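Letter by letter, the chains look like this.
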Amino acid sequence: DAKTTQPPSMDCAEGRAANLPCNHSTISGNEYVYWYRQIHSQGPQYIIHGLKNNETNEMASLIITEDRKSSTLILPHATLRDTAVYYCIVRVEPGNTPLVFGKGTRLSVIA
Amino acid sequence: GAGVSQTPSNKVTEKGKYVELRCDPISGHTALYWYRQSLGQGPEFLIYFQGTGAADDSGLPNDRFFAVRPEGSVSTLKIQRTERGDSAVYLCASSLTAGGRHEQFFGPGTRLTVL
């Protein structure tokens, strides 16, 4: 799987949008961008994934650049419960390949 | 419905002992994964089952680690002659392979401490 690069940490004020960047400059044409998050002492939780079009669900939005070399996960109105480590992963889909996690971005939402 | 469950939640053992960690996946999920997570790191893949068979065990660090899933549901990760370096959180995940959905659902993990 292609390697991803994320900032180690970010802060966001409660109620504001949290924009988490991810670089994946070596992504292949058949690789999707996945985002998971891990709240303290819990297992990772799936958030969203996409190939090249922007995606939105009840949790977040995913914006992928036209060249697919980077993406941004957007939490539109961050709450204290969104404090977690966010992982950006590239993965071939469809398939059941294992997830390859980096160190992620530790997002702290501040009241 | 019920999520992925793992038992025990915590396990403390002594160096050289044998341990078994159990994972109960979501009912109907045919794929099951084991990962381990060291402090400050992301989860690291160990082994993946499709049904009863291990489809990919390339992440197992050495032959002290073994996993089974005899009936295609519950899985057990077995570690022989434990070492202090085996201390980590062991995570299990399952996924439904039908319908093009491949998101993995994770359990809360088992925290293994080897003294």
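Check the entry above for the structure.
Only a predicted model underlies this, so the values are computations on that prediction, with no experimental measurement involved. (Residues numbered from 1 in each chain as written. Chains lettered and ligands numbered in written order. Predicted model: local features only at pLDDT ≥ 70, side-chain atom pairs only at ≥ 80, totals over all residues. Heavy atoms only, no water.)

**Q** I'm lost on the interface of chain B and chain A in this one. Help?
**A** Quite often, the size of an interface is put as the accessible area lost when its parts meet. Listed by partner, the interface residues are 22 residues for chain B and 18 residues for chain A. By the criterion of area lost to chain A, the three top residues of chain B are Pro43(B), His102(B) and Phe106(B), representing 33% of everything that side buries. In terms of residue count, strand 4 (residues 31–37) of chain B provides more of the side of chain B that touches chain A than any other element does, 4 residues in total. Across the side of chain B that touches chain A, the residue classes tally to 9 nonpolar, 11 polar and 2 charged. (Contact = heavy atoms within 4.5 Å. Buried area = accessible area lost by both parts, 1.4 Å probe. Helix = DSSP H or I, 4+ residues; strand = E, 2+ residues; numbered from the N terminus. Nonpolar A, V, L, I, M, F, W, Y, C, P; charged D, E, K, R; others polar.)

**Q** Help me out: how do you make sense of the packing of aromatic side chains in this one?
**A** One pair of aromatic rings is described through two measures. These are the centre distance and the angle between the planes. The full count for this structure, using the stated rule, is 11 aromatic pairs over all chains. On the numbers, 6.1 Å between centres and 75 degrees between planes, the contact of Phe101(A) with Phe106(B) is edge-to-face. Of the two residues, Phe101(A) sits in the loop between strand 8 (84–92) and strand 9 (105–110) while Phe106(B) sits in strand 10 (residues 105–106), which places them in two different chains. Phe101(A) sits in the buried class, given a relative accessible area of 10%. Aromatic side chains Tyr35(B) and Phe45(B) sit 6.1 Å apart centroid to centroid with 70 degrees between the ring planes, which places their arrangement in the edge-to-face category. Remark: Phe45(B) occurs in strand 5 (residues 44–50) and Tyr35(B) occurs in strand 4; sequence separation between them is 10 residues. With respect to class, Tyr35(B) is no different from Phe45(B); both count as buried. Joined through ring pairs, the aromatic side chains of Tyr34(A), Tyr36(A), Tyr46(A), Tyr87(A), Phe101(A), Tyr33(B), Tyr35(B), Phe45(B), Tyr48(B) and Phe106(B) make up one cluster. In this arrangement the basic side chain of Arg91(A) is found over the ring face of Tyr34(A), its NZ or CZ atom lying 5.2 Å from the centre. (Phe/Tyr/Trp six-rings, centres within 6.5 Å; stacked < 30°, edge-to-face > 60°. Buried < 20%, exposed > 50% of the residue type's maximum accessible area, 1.4 Å probe, protein only. Lys NZ or Arg CZ within 6 Å of the ring centre and 35° of its normal.)

**Q** I'm lost on the sheet that holds strand 3 (residues 31–38) of chain A in this one. Help?
**A** For sheets, the rule is that strands pair by backbone hydrogen bonds, running either parallel or antiparallel. Residue and element names in this part refer to chain A. Read across the sheet, 5 strands follow the order 1-9-8-3-4 without closing on themselves; strand pairing throughout is mixed. The open sheet is flanked by strand 1 (9–13) and strand 4 (45–50), the only strands paired with a single partner. Across the sheet, the mean angle separating the axes of adjacent strands is 25 degrees when strand polarity is ignored. As judged from the 8 bridges shared by strand 3 and strand 8, these two strands associate in the antiparallel manner. Across the sheet, residue Gln-38 finds its bridge partner in strand 8, namely Val-85. (Pairing = 2+ DSSP bridges. Axes fitted to C-alpha atoms, helices over the stretch in contact; angles between N-to-C directions.)

Such coordinate-based values are descriptive only and should not be taken to indicate function.
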